[in-house]
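Chain by chain, the residues run as shown.
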Amino acid sequence: MAENDETVYICRCEEVSREEVEQAIRDGATTITGIKKRTNAGMGLCQGRTCRKLITNMLAGGQDPAKILPPTFRPPVRTVKISEIAEGDEE
Amino acid sequence: MTNKADVIVVGGGVIGASVAYQLARRGRKVILTEKHDHASGASGSCDTGIFLQSKNAGINLRLALASSELFKGLREELDRDIEYHVKGGMILIETAAELKIMEDFVARQKRTGLQVEIIDRKEASRMQRGLAEHLVAATYSPQDGGVNPIELNLGFAKAARKLGAEILLETEVTGFIMNGGRVEGIETARGPIYAPVVVNAAGAWAPIIGEMAGLHLPIKPRRGQIMITEPVAPYIARGMLSASYIVAKFNADKLKESKSRAVQLGVGLSLSQTQKGNILIGATREFVGYDVRNTHEGIQAILKNAIRLVPGLGSIHIIRTMGGVRPYTPDGLPLVGYVNNLEGYFMSAGHEGDGIALSPVTGKIVADMIVDGKTFMDVSALDPNRFAL
């Protein structure tokens, strides 16, 4: 995508622009997961905490955002060190 | 939407998309239906590995070798950066007993034409930092590689569409239109679609599409859980599996008898790193129906196993977990071909964890068989009629 001062980023973690999200919608994405698979939006460190709402509104296209299928929520809630999980509840 | 085609493909995952692409290339009018979206099943919840080494000598490996030939030209063909690369891969061996099994496995793979060898611990550590002290050896093949599976799936679909295929997302199949012993089309949520040939490429959901035509397919969903790390500088130099992964893959029955919970979960290491730097750590192989959730138990078993084999991973952070079901078959081979006594019903499902690696060759074989009635290699071992359907 062409980048310039005017580029609007929807997902800052993965640097996904509004233009890319719009293209994904034109390509058939109707869900947040569909946008994620086509653009990587929401796949970064914050896992969509910032862009989820913006993308939901873009998908709704002026309609009721509540009609858009919510994304899948998966653990962990916050990033966590591998060794901490592996040693987690050892007796 | 048109409602007539030469071939209907049910399933928009990597296999269905590859089949649609190859058929469209051969000038066939294709309509593909997908209940949800591309990459919404196994194709979107897997790692990046294209392992040749994980394939059993014989038909499984011959398919993978033929597929890797096709992968080489795909970036240009699909006009998309699918992140395909060949950097080699290793299988980590922990015990003398595993070494013995792997020596036999490797010897048979060599006879099928794979470049693969056993290397000692020292050499393995030279090729990959962070490995555990207790490893006894590893296997190495320069022919292993990787790809971005979602880009591959979307790439096949887009290329198919460019060649005239019609792709109907969010279109659930509700039944088959039959005439005597012949398939004439399908019923969908958007109305009937007619074609003399219907390809069942629904992956782990293929048995449901089978039932609609009275077939009892032996395919079962098998869950794989995978962990995703934060992006880090290049760490995993090449894809890695553990010998226990191979054991889990080919001995589903033995897993149930084991007393170890990790073994029952089918935990075997799979490691790869994406172009962006995220490390994907797998995986379990569990029979839990269509439940794709992650479990605390599964997550912990996978990570424990990973840092036991590659302690260097311990300080890296997990940002996300994945879970998906893959289409298991009792003999580890997909079902590819026409179903007897049900004219026009074509199977192309059951690749379990090999779907990404085998998608290019599967698409080609299916298109060859539908268009020419034959293909370039002996695929009789994939005949769906080997099972009582």
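In case you missed it, the structure is sitting above this.
Observations regarding the overall build of chain A
If you tally the helices and strands in chain A, you get 4 helices and 3 strands. For chain A, the α and β elements follow one another from N to C terminus as β-β-α-α-α-β-α. Here the C-alpha radius of gyration of chain A, 16 Å, is well above what a compact globule of 91 residues would show, namely 12 Å. Expressed as lengths along the three principal axes of its C-alpha atoms, the size of chain A is roughly 55 × 35 × 20 Å. Burial status across chain A gives 40% buried among its 91 residues. In chain A, of all internal contacts separated by at least 6 residues, the share reaching a separation of at least 24 is 46%.

Regarding the packing of aromatic side chains
Residues and elements named next belong to chain B. This structure, assessed with the given rule, holds 6 aromatic pairs over all chains. Where Phe71 meets Tyr84, the ring centres are 4.9 Å apart and the plane angle is 10 degrees; that geometry is what we call stacked. Of this pair, Phe71 sits in helix α2 (residues 59-71) while Tyr84 sits in the loop between α3 (74-78) and β4 (85-86), and the two are 13 residues apart along the sequence. Above the plane of the ring of Phe287 lies Lys220, whose end atom (NZ or CZ) is 4.6 Å from the centre.

Section: the sheet that holds strand β8 (residues 145-146) of chain B
Residues and elements named next belong to chain B. The strand order across the open sheet formed by 3 strands is β3-β8-β4, and the pairing between neighbours is antiparallel. Both outer strands of the open sheet, β3 (49-50) and β4, are each paired with one neighbouring strand and no more. Here β3 runs beside β8; their pairing, made up of 2 bridges, is antiparallel. Bridge pairing in β8 links Ile50 to Gly145.

Points about the interface of chain A and chain B
Every contact between the two is made by 29 residues of chain A and, on the other side, 36 residues of chain B. When the two sides are added together, the surface that chain A and chain B hide from each other amounts to roughly 2,600 Å², 51% of it contributed by carbon and sulfur. Taken as a group, A:Lys37, A:Arg74 and A:Ile82 account for 29% of the area that chain A buries against chain B, more than any other trio of residues on that side. Applying the counting criterion to the chain A and chain B interface returns 3 salt bridges. Where chain A touches chain B, the interface holds 14 residue pairs in polar contact (both at pLDDT 80 or more). Looking at the side of chain A that touches chain B, its residues break down into 8 nonpolar, 10 polar and 11 charged. Alignment of strand β3 (residues 80-81) of chain A against strand β18 (residues 317-328) of chain B, held across 2 bridges, turns out to be antiparallel. Bridging across to β18(B), A:Lys81 finds its partner in B:His317.

Examining the sheet that holds strand β1 (residues 7-10) of chain B
Residue and element names in this part refer to chain B. The strand order across the open sheet formed by 6 strands is β9-β2-β1-β13-β20-β19, and the pairing between neighbours is mixed. One side of each edge strand has no neighbouring strand; the edge strands of this open sheet are β9 (166-168) and β19 (335-338). Each neighbouring strand pair of the sheet contributes to a mean axis angle of 20 degrees, computed without reference to strand direction. When strand β2 (residues 30-33) meets β9, the two strands line up parallel, connected through 3 bridges. Of the residues in β9, the one forming a bridge with Leu32 is Ile167.

Some details on the pattern of salt bridges
All names here are of chain B. Counted by the stated rule, this structure contains 25 salt bridges over all chains. Residue Arg80 is joined to Glu151 by a salt bridge in which the shortest nitrogen-to-oxygen separation is 2.7 Å. With Arg80 in the loop between α3 and β4 and Glu151 in helix α6 (residues 149-162), this residue pair connects regions lying 71 residues apart in the sequence. When salt bridges with common partners are traced through the structure, they connect Arg26, Lys364, Asp368 and Asp372 into a single cluster.

Definitions and cut-offs
Residues numbered from 1 in each chain as written. Chains lettered and ligands numbered in written order. Predicted model: local features only at pLDDT ≥ 70, side-chain atom pairs only at ≥ 80, totals over all residues. Heavy atoms only, no water. Helix = DSSP H or I, 4+ residues; strand = E, 2+ residues; numbered from the N terminus. Rg over C-alpha atoms; globule rule 2.2 N^0.38 Å. Buried < 20%, exposed > 50% of the residue type's maximum accessible area, 1.4 Å probe, protein only. Contact = heavy atoms within 4.5 Å. Phe/Tyr/Trp six-rings, centres within 6.5 Å; stacked < 30°, edge-to-face > 60°. Lys NZ or Arg CZ within 6 Å of the ring centre and 35° of its normal. Pairing = 2+ DSSP bridges. Buried area = accessible area lost by both parts, 1.4 Å probe. Salt bridge = Lys/Arg side-chain N within 4 Å of Asp/Glu carboxyl O. Polar contact = N/O pair within 3.5 Å; in protein donor to acceptor, adjacent residues only side chain to side chain. Nonpolar A, V, L, I, M, F, W, Y, C, P; charged D, E, K, R; others polar. Axes fitted to C-alpha atoms, helices over the stretch in contact; angles between N-to-C directions.

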